[in-house]
Number of protein chains: 2
Amino acid sequence: MHTVKQVEDNRQEVKRNFIAYLEKMNQRKTPERFAILDEIYMNEIYLDKKHFDAESLFLHMKNNNYRVSRATVYNTLDLLVECGLVTKHQFGENITKYEAGLGNKQHDHLICNKCNKVLEFCDPRIQQIKNMMGELLHFEITHHSLHLFGDPKLDANGKCIACEKEVK
Amino acid sequence: MHTVKQVEDNRQEVKRNFIAYLEKMNQRKTPERFAILDEIYMNEIYLDKKHFDAESLFLHMKNNNYRVSRATVYNTLDLLVECGLVTKHQFGENITKYEAGLGNKQHDHLICNKCNKVLEFCDPRIQQIKNMMGELLHFEITHHSLHLFGDPKLDANGKCIACEKEVK
DNA sequence: ATAGTTGCAAAAGCTTTGCAGTATG
DNA sequence: CATACTGCAAAGCTTTTGCAACTAT
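Bear in mind that the values here come from a model prediction, so they are computed numbers and not experimental data. (Residues numbered from 1 in each chain as written. Chains lettered and ligands numbered in written order. Predicted model: local features only at pLDDT ≥ 70, side-chain atom pairs only at ≥ 80, totals over all residues. Heavy atoms only, no water.)

1. Notes on the sheet that holds strand β4 (residues 108-112) of chain B
What the 6 strands build is an open sheet, ordered β5(A)-β4(A)-β6(A)-β6(B)-β4(B)-β5(B); its pairing is mixed. Strands with a single pairing partner mark the edges of an open sheet, and in this sheet they are β5 (118-121) of chain A together with β5 (118-121) of chain B. Averaged over neighbouring strand pairs, the angle between their axes works out to 25° when direction is ignored. Bridge count for strand β4 (residues 108-112) of chain A against β5(A) is 4 bridges, and the pairing is antiparallel. Considered in β5(A), the bridge of Asp108(A) is made with Phe121(A). Sitting on the sheet, helix α5 (residues 124-137) of chain A is in contact with β4 and β6 (139-152) of chain A together with β4, β5 and β6 (139-152) of chain B, with an inclination near 135° to β6(A). This element, helix α5 (residues 124-137) of chain B, spans β4, β5 and β6 of chain A together with β4 and β6 of chain B of the sheet and lies at about 135° to β6(B). (Pairing = 2+ DSSP bridges. Helix = DSSP H or I, 4+ residues; strand = E, 2+ residues; numbered from the N terminus. Axes fitted to C-alpha atoms, helices over the stretch in contact; angles between N-to-C directions. Contact = heavy atoms within 4.5 Å.)

Below you can see the structure in the form of structure tokens.
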């Protein structure tokens, strides 16, 4: 995903997906819904904000003078999750994050205990565990969630290596 | 854990652990704290309620006419989690559950897509993943959560092998 | 036209906090 | 007796809901 054309192609594909879903479910194609999708999409592409929460999304739109309500943000996020354009993660007690992206490579998450920053990683062993435990316990494993939580190691200046900020 | 003696021995060991922790941390040994520990302990042993939430614990004590506040319940649960006598699980958006048990072998959960039954399993590879990813991403991994979700395989009569019930 | 959507604010649900009173060490 | 802990209620936070107004179809 690099050239302007590729970005635009992806943008169109995501939008087509959403429209198809809305039509299938007899849901209206309101400007708010597309504005929210655009916002998420823009964040991912241009700001590299892959994980975000509902409140930030809402505030960001408000700050850009787009008139939208929290209720609509939550409602639209639900729709996007249902149609697979967005994934919802429960990273902690009160830390629900959404992840933009269509057909991302399977990955798991490491969450920083100090700042809640989310890092991603892949490990083939998790697939092996799924296979083995499915067999052993007589289940067809459909999906999983694996979160690691940890304290960041600090550099010589006491800054978190991961987020490059001071850690108390 | 079967005979009366074993139950009592375990009860005493759990209590000793808590006392040791409180003393180490210069925390007071208040009756409320022990009452809460007892309540959790009793639930596990006699009611087989391994997973519980803060509110039920609070209500159960209230109903038994023990004067205690939510604040104290939450405070004490934190202490018990810190000293390892209780584990805290995030099973969903607003589903925080605590799990009683001293030195339970580290385990993860497989959740049935059909009936939400929770099975437990252990796999040493998860520890290896934690070690490797902590190293790789510069974190000291403190804990993790791994949930597998799956559809149960059925026996000849169409019953779930895991829960032995009919599955639609 | 007409039902699905929206914005707003209030409510809900779980957890934490502030404070005055209590009891542990 | 000093101060950590407690109960209570109020406040916090994120998410949901109720309702009148609006709008996509």
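2. Notes on the side chain of Thr76(B)
Residue and element names in this part refer to chain B. Inspection of the secondary structure assignment puts threonine 76 in helix α4 (residues 70-82). A relative accessible area of 0% means that threonine 76 is categorised as buried. Beyond its immediate chain neighbours, meaning those up to four positions away, threonine 76 contacts Phe18, Arg33 and Ile36. (Buried < 20%, exposed > 50% of the residue type's maximum accessible area, 1.4 Å probe, protein only.)

3. Details of the pattern of salt bridges
In total, this model carries 17 salt bridges over all chains according to the counting rule given. Across the salt bridge formed by Asp9(B) and Lys5(B), the nearest N and O atoms sit 2.7 Å from each other. Here the residue Asp9(B) and the residue Lys5(B) both occupy positions in helix α1 (residues 4-24), the gap between them amounting to 4 residues, near one helical turn. Residue Arg125(B) pairs with Asp123(B) through a salt bridge whose shortest N-O separation is 2.9 Å. Residue Arg125(B) is classed as buried on the basis of its relative accessible area, which comes to 16%. You can call Asp123(B) buried: its relative accessible area is 7%. By sharing partners, the salt bridges in this structure join Glu8(A), Arg11(A) and Asp38(A) into a single network. (Salt bridge = Lys/Arg side-chain N within 4 Å of Asp/Glu carboxyl O.)

4. Considering the interface of chain B and chain A
Chain B puts 40 residues into the contact, and the matching count from chain A is 41 residues. Here chain B and chain A share an interface that buries about 3,700 Å² over both sides, 65% of which is from carbon and sulfur atoms. Taken as a group, Arg125(B), Phe139(B) and Lys153(B) account for 19% of the area that chain B buries against chain A, more than any other trio of residues on that side. With its nearest N and O atoms 2.9 Å apart, the salt bridge here joins Glu93(A) to Lys88(B). On the surface where chain B and chain A come into contact, there are 14 residue pairs in polar contact (both at pLDDT 80 or more). Listed by contribution, the elements that provide at least two residues to the side of chain B that touches chain A are β2 (86-92), β4, β5, α5 and β6 of chain B. Looking at the side of chain B that touches chain A, the element that brings in the most residues is β6(B), giving 14 residues. Partitioned by chemical class, the residues of the side of chain B that touches chain A number 18 nonpolar, 13 polar and 9 charged. Across 13 bridges, β6(A) lies against β6(B) in antiparallel orientation. Counted as the bridge partner of Pro152(A) is Phe139(B) from β6(B). (Buried area = accessible area lost by both parts, 1.4 Å probe. Polar contact = N/O pair within 3.5 Å; in protein donor to acceptor, adjacent residues only side chain to side chain. Nonpolar A, V, L, I, M, F, W, Y, C, P; charged D, E, K, R; others polar.)

5. Considering the relation of the copies chain B and chain A
Rotating chain B by 179° about the axis while translating it 0.5 Å along that axis superimposes it on chain A, leaving an RMSD of 2.6 Å. The transformation just described matches what one would write down for a two-fold rotation axis. Of the C-alpha atoms belonging to chain B, the one lying closest to the rotation axis is found on Leu146(B), 2.5 Å away. Of all interface residues in chain B, 100% are interface residues in chain A too; the two copies therefore contact each other through one and the same surface. (Least-squares fit on C-alpha atoms with pLDDT ≥ 70 in both.)

6. Description of the pairing of β4(B)
All names here are of chain B. Most of β4 sits out of view: 5 of its 5 residues are buried. Bridge analysis of β4 against β6 gives 4 bridges, and the strand direction is parallel. Across the sheet, residue isoleucine 111 finds its bridge partner in β6, namely phenylalanine 149.

7. What to know about the protein's contact with DNA strand D
Around DNA strand D sit 20 residues, and of these Tyr74(A), Gln27(B), Arg28(B), Ser69(B) and Thr72(B) come closest. The share of sugar and phosphate among atoms of DNA strand D within 4 Å of the protein is 74%. Contacts to DNA strand D include Thr30(B), whose side-chain N or O atom sits 2.9 Å from a phosphate oxygen. A distance of 2.9 Å separates a phosphate oxygen of DNA strand D from a polar side-chain atom of Asn75(B). Put simply, the parts of the chain that give the surface near DNA strand D at least two residues each are α4 (70-82) of chain A together with α2 (31-47) and α4 of chain B. Residues of the surface near DNA strand D, tallied by class, amount to 5 nonpolar, 6 polar and 9 charged. (Near = heavy atom within 4 Å.)

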